[in-house]
Amino acid sequence: MKKTLILLSLIFAAMSANADIKESLMTLLRNQAKTSQTVKKTQPYKMSQQKQDSIVRSVTGLYSNGKISTDSVVSLAIYHKTGSPEVSEKLLKTVVSENNLHSVTELGALYALTPQLSSKAAEGVKLLQAAANAGYNDANAYLGVYYYNHNDFKKAKLFFDKCNPLDLGIGNTALGAMYLQGKGVKTDIPKAREYFHKSALQGYPRGASLYGHNLRASGGGPIDYPEAFFWLYIAGDLGDDTARATLGRTLNGESFGEGEAAEDGELALYWISTVNSMQNMKNEPVYKDGFLKGLKAKEAAAEKGDDWARFYLGSMNFNGDYLNQNYAQALRYYEPIARDGKLPNTVLALVNSRLAYMYKNGKGTKADAAKAARYAKAAAQYGSLGAYKATEHLK
């Protein structure tokens, strides 16, 4: 239950001007024990040792023979981090050196921020500190996130302030949360909104969710229901179940860890999404003054080449919620996004995965195995676990 309350407390703070919403969510939490229904849980993925060894031998062999560069090995390590942190670690250890701060930073972040490798967190912090001392910007961002996760907000702020710019979505979300709650800094809700917006534009689901919630209340600036709905929908599509629940969408089964706290989190969001059914949402301002009034503006923006608007509309056509399912329309909106490649990797991974699905199964277009394979490979490169497993021929 503790994890659930921590998660939802940020949303309550973002919507502090609307006491009715806050009270209704708290009522759901108090009543959650009355239901036995749960949502599906995210299953952890474990690559076989044989496959791990095969990948490492292949990459290190190419590197030893001078056929790929150090930077290429680091890029491959980041790619494999999605499906196997163990493979990523082995590849990074092959090339890590003081002369390549990118490799030092990525190995440090892997150790410091990956739960499966938590026993090496202290070593990770040392690596990040070394890279930060050498002036590597991302190392400061990762250190900020590490100290934020460990409730050392003053240290977190110290490292975030050293970033110019702060390019990490999770870092901007953490800074926004600190300003929202007054942890390590003076409470400043408008500034929190700014950081949540930056995080949303970097494709970080929790940041987009908090930005959407903040736009529903006046504490951080003017209420903007069209943009609130827009970012809540995008956050939900990128995997944030809190945003999905708020809009009455079915839950993905977001991971809350293990044990009783995880079950409490899943039940709480199940209750919220049940009460906020799509039918009930039609009476809510975020629907009437958000979705309905904002739709035409987003359609116009998409026609002018706005990739975020294209993603929003493509996703609603693909999902068939709020708009009728139309794969041909989804394809029309998604393909320019994949071609442009300008949106964050989290978005590009999802877009390319869905394009691969539509071309593989002939949804909205003729089936095309070659295009499906090409989009699946791109999705894997951008960090899609499902596409990664398919591309690597893993079960």
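The structure displayed is predicted, hence computed values, not measured ones.

Averaged over all residues, the pLDDT of the protein chain equals 82, while 79% of them reach at least 70. For residues 1–5, every residue scores under 50 in pLDDT, and the model assigns this stretch 13 contacts once sequence neighbours within four places are set aside.

Another aspect to go through is the packing of aromatic side chains. Where two aromatic rings form a pair, the distance of their centres and the angle of their planes describe that pair. Under the criterion given, the structure shown has 23 aromatic pairs. Between the aromatic rings of Tyr-146 and Tyr-147, the centroid separation amounts to 5.2 Å while the plane-to-plane angle is 80°, which identifies the pairing as edge-to-face. For the pair shown, Tyr-146 and Tyr-147 are each scored as buried. Geometrically, the ring pair formed by Tyr-233 and Tyr-312 is edge-to-face, given 5.8 Å between the ring centres and 90° between the ring planes. Within this pair, whereas Tyr-233 is found in helix H13 (residues 225–237), its partner Tyr-312 is found in helix H18 (residues 307–319), the two being separated by 79 residues in sequence. Among the residues examined, Tyr-233 registers a relative accessible area of 0% and is labelled buried. Residue Tyr-312 is classed as buried on the basis of its relative accessible area of 2%. Grouping aromatic residues by their ring pairs yields a cluster made of Tyr-211, Phe-229, Phe-230, Trp-231, Tyr-233, Tyr-287, Phe-291, Trp-308, Tyr-312 and Tyr-322. Lying across the ring of Phe-230, Lys-298 places its NZ or CZ 3.8 Å from the centre.

All right, on to the nonpolar core then. Core analysis: the biggest nonpolar cluster contains 104 residues, and Trp-231, Phe-311, Tyr-312 and Tyr-322 have the highest contact counts within it. Residues within four places of Trp-231 in sequence aside, it is in contact with Ala-200, Leu-201, Ala-208, Tyr-211, Gly-212, Leu-215 and Trp-308.

On to helix H19 (residues 327–340). Each α-helix winds once per 3.6 residues, and so residues spaced three or four apart point in a common direction. Over its 14 residues, H19 runs 20 Å from end to end, which matches the ideal 20 Å to within 8%, given 1.5 Å per residue. Against the buried residues of H19 lie H13, helix H17 (285–303), H18, helix H20 (345–361) and helix H21 (369–382). The opening residue of H19 is Asn-326, an N-cap whose side-chain oxygen sits 3.2 Å from the backbone nitrogen of Ala-328. Phi for Gly-341, located one or two positions after H19, is positive at around 65°.

Further remarks concern the side chain of Thr-60. As for its position among the elements, Thr-60 is in helix H3 (residues 49–64). One polar contact links the side chain of Thr-60 to the main-chain carbonyl oxygen of Arg-57, over a distance of 3.3 Å.

Below, the discussion takes up the packing of helix H11 (residues 189–201) against helix H12 (residues 205–215). Orientation of H11 relative to H12, taken along the N-to-C sense of each, is 135°, at an axis distance of 7 Å. Taken together, the axis directions place H11 and H12 in an arrangement best described as oblique. Along this stretch, H11 crosses H12, giving a crossing that reads as left-handed. Only Gly-207, Ala-208, Leu-210, Tyr-211, Asn-214 and Leu-215 of H12 make contact with H11, whose side of the interface consists of Ile-189, Arg-193, Phe-196, His-197, Ser-199 and Ala-200. Looking at the contact of H11 with H12 residue by residue, the class counts come to seven nonpolar, four polar and one charged.

What follows is about the pattern of salt bridges. Within this structure, the stated rule accounts for 12 salt bridges. We note a salt bridge from Arg-206 to Asp-240, for which the minimum N-O separation is 2.1 Å. Taken together, the residues Arg-206 in helix H12 and Asp-240 in the loop between H13 and helix H14 (241–246) connect sequence positions 34 residues apart. Arg-249 serves as the salt-bridge partner of Asp-237, at 3.0 Å between the closest nitrogen and oxygen. Note that Asp-237 is positioned in helix H13 and Arg-249 in the loop between H14 and helix H15 (260–275), a separation of 12 residues in sequence.

Our next topic: unusual backbone geometry. Residue Pro-165 is reached from Asn-164 by a cis peptide bond, and omega for that bond is 0°. Here Pro-165 is to be found in the loop between helix H9 (153–161) and helix H10 (169–181). Phi is positive for Asn-151, which is not a glycine, with a value near 65°. Summarising the element assignment, Asn-151 is placed in the loop between helix H8 (137–149) and H9. One non-glycine residue, Tyr-322, lies in the positive phi region at around 70°.

Rules and cut-offs
- Residues numbered from 1 in each chain as written.
- Predicted model: local features only at pLDDT ≥ 70, side-chain atom pairs only at ≥ 80, totals over all residues.
- Heavy atoms only, no water.
- pLDDT = per-residue confidence, 0-100.
- Contact = heavy atoms within 4.5 Å.
- Phe/Tyr/Trp six-rings, centres within 6.5 Å; stacked < 30°, edge-to-face > 60°.
- Buried < 20%, exposed > 50% of the residue type's maximum accessible area, 1.4 Å probe, protein only.
- Helix = DSSP H or I, 4+ residues; strand = E, 2+ residues; numbered from the N terminus.
- Lys NZ or Arg CZ within 6 Å of the ring centre and 35° of its normal.
- Core = buried A, V, L, I, M, F, W, Y, C linked by side-chain atoms within 4.5 Å.
- Expected span 1.5 Å × (residues − 1).
- Polar contact = N/O pair within 3.5 Å; in protein donor to acceptor, adjacent residues only side chain to side chain.
- Axes fitted to C-alpha atoms, helices over the stretch in contact; angles between N-to-C directions.
- Parallel < 35°, antiparallel > 145°, perpendicular 65-115°, else oblique.
- Left-handed = near helix turned anticlockwise from the far one by under 90°.
- Nonpolar A, V, L, I, M, F, W, Y, C, P; charged D, E, K, R; others polar.
- Salt bridge = Lys/Arg side-chain N within 4 Å of Asp/Glu carboxyl O.

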